[in-house]
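Working through the structure, step by step
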Amino acid sequence: MARVAFLFPGQGSQKVGMGKDFVERHPHLRDFFARADEVLGLPLTRLCFEGPDAELVQTQNTQPAIFVVSMAILDVLRKAGIAAEAAAGHSLGEYGALVSAGVLEMDDALRLVRRRGELMAGVNARTPGAMAAVIGLPGDAVAEACRKAQAEGLGVVEPANYNTPAQTVISGQEAAVVRAMALATEARAEKVVRLQVGAPFHCSLMSALQDEFAATLERYSFRDPRFPVVANVTGDYVRTADAVKDALRRQVAGAVRWTDSINRLAADGFDTFVEVGPGRTLVGLLRQIQPERTGLSTGDSKRLDAVIAQLKA
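As the structure is a prediction and not an experimental result, all values here were calculated from the model.

A look at the packing of aromatic side chains
- Applying the stated criterion across every chain yields a total of three aromatic pairs.
- Here the aromatic rings of Phe6 and Phe8 are separated by 6.4 Å at their centres, their planes lie at 80 degrees, and the arrangement is edge-to-face. Assigned by exposure class, Phe6 and Phe8 land together as buried.
- Ring geometry for Phe32 versus Phe33: centroids 6.4 Å apart, planes at 65 degrees, classification edge-to-face. Here Phe32 matches Phe33 in class, with each residue buried.
- Three or more aromatic residues joined by ring pairs form one cluster here, namely Phe32, Phe33 and Phe49.
- One cation-aromatic arrangement involves Arg3 over Phe270; the distance from NZ or CZ to the ring centre is 4.1 Å.

Some points on helix H8 (residues 139–151)
- Compared with an ideal rise of 1.5 Å per residue, which puts 13 residues at 18 Å, H8 spans 18 Å between its outermost C-alpha atoms and is within 8% of the ideal.
- On its buried face, H8 is in contact with strand S3 (129–135), strand S4 (157–164), strand S5 (167–173) and helix H9 (174–186).
- Of the residues flanking the end of H8, it is Gly153, one or two places downstream, whose phi is positive at about 75 degrees.

What about the side chain of Thr168?
- For Thr168, the position within the fold is in strand S5.
- The class of Thr168 is buried, set by a relative accessible area of 0%.
- Beyond its immediate sequence surroundings of up to four residues, Thr168 is in contact with Ala132, Ala133, Val134, Gly139, Val142, Pro159, Asn161 and Tyr162.

Calculation criteria
- Residues numbered from 1 in each chain as written.
- Predicted model: local features only at pLDDT ≥ 70, side-chain atom pairs only at ≥ 80, totals over all residues.
- Heavy atoms only, no water.
- Phe/Tyr/Trp six-rings, centres within 6.5 Å; stacked < 30°, edge-to-face > 60°.
- Buried < 20%, exposed > 50% of the residue type's maximum accessible area, 1.4 Å probe, protein only.
- Lys NZ or Arg CZ within 6 Å of the ring centre and 35° of its normal.
- Helix = DSSP H or I, 4+ residues; strand = E, 2+ residues; numbered from the N terminus.
- Expected span 1.5 Å × (residues − 1).
- Contact = heavy atoms within 4.5 Å.

Here it is, written out as structure tokens:
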């Protein structure tokens, strides 16, 4: 039998209209989205279903919007009897993974995700930054490009996401990121792409948030995971409530070690990975990290139905 792990996507997987077809296919989810609107006091349903895109892409809105769509899909999977034995989430997605493992209640996670987005958006207002994806260059070579750019006194730039062995995202201050992009190109990267994001995520510019966010985390109840969850900052399992809180605090300014996370799950025998959320980003990354493993997308209602049928069979 397949060993199933759930993967939850992060920021960047959003699009206007996400979640609408799930509600049409599974009407009970209308109450699910309405509950999220009530918890946050935001028109989250409208933002997901109708936009506008200019509002949806704002970090403080994007993060809870992606989270609630992922939770709606998780609800359908659970009602169909589809369960996982482990989970991981990319950045924001780690909160979905924790809900799936029983660590957090959905309402609490939704509030945390909203607050996380607000804090991150605030950093960009004070310290504008940039991010870029470097493709076709090993992670250590990208890290060296960042070190050289910082040594030139251009500011902070660091690896933020180790997405695959050949794709690393960098993050930091504008001039330093631009210089590191040029250095990566000189080092014969296949492609270097500036990302359209609202803040310099997962780098030391976010360090000022850690203590404030840690205080926020302490206001919520965490339980030990019911099954293994891989933390972004270590690429390894967190097994206690205290370890989860520490990982979430460090995650704000720490690099996402996604390649290590997937390799850890694969090494432990997980062979079927279900992306629980909008888009197909994580399935694409899986093909580059562990191409022999099965990746299944639930990004729209037709794909979700197909995944349920396949796993039940």
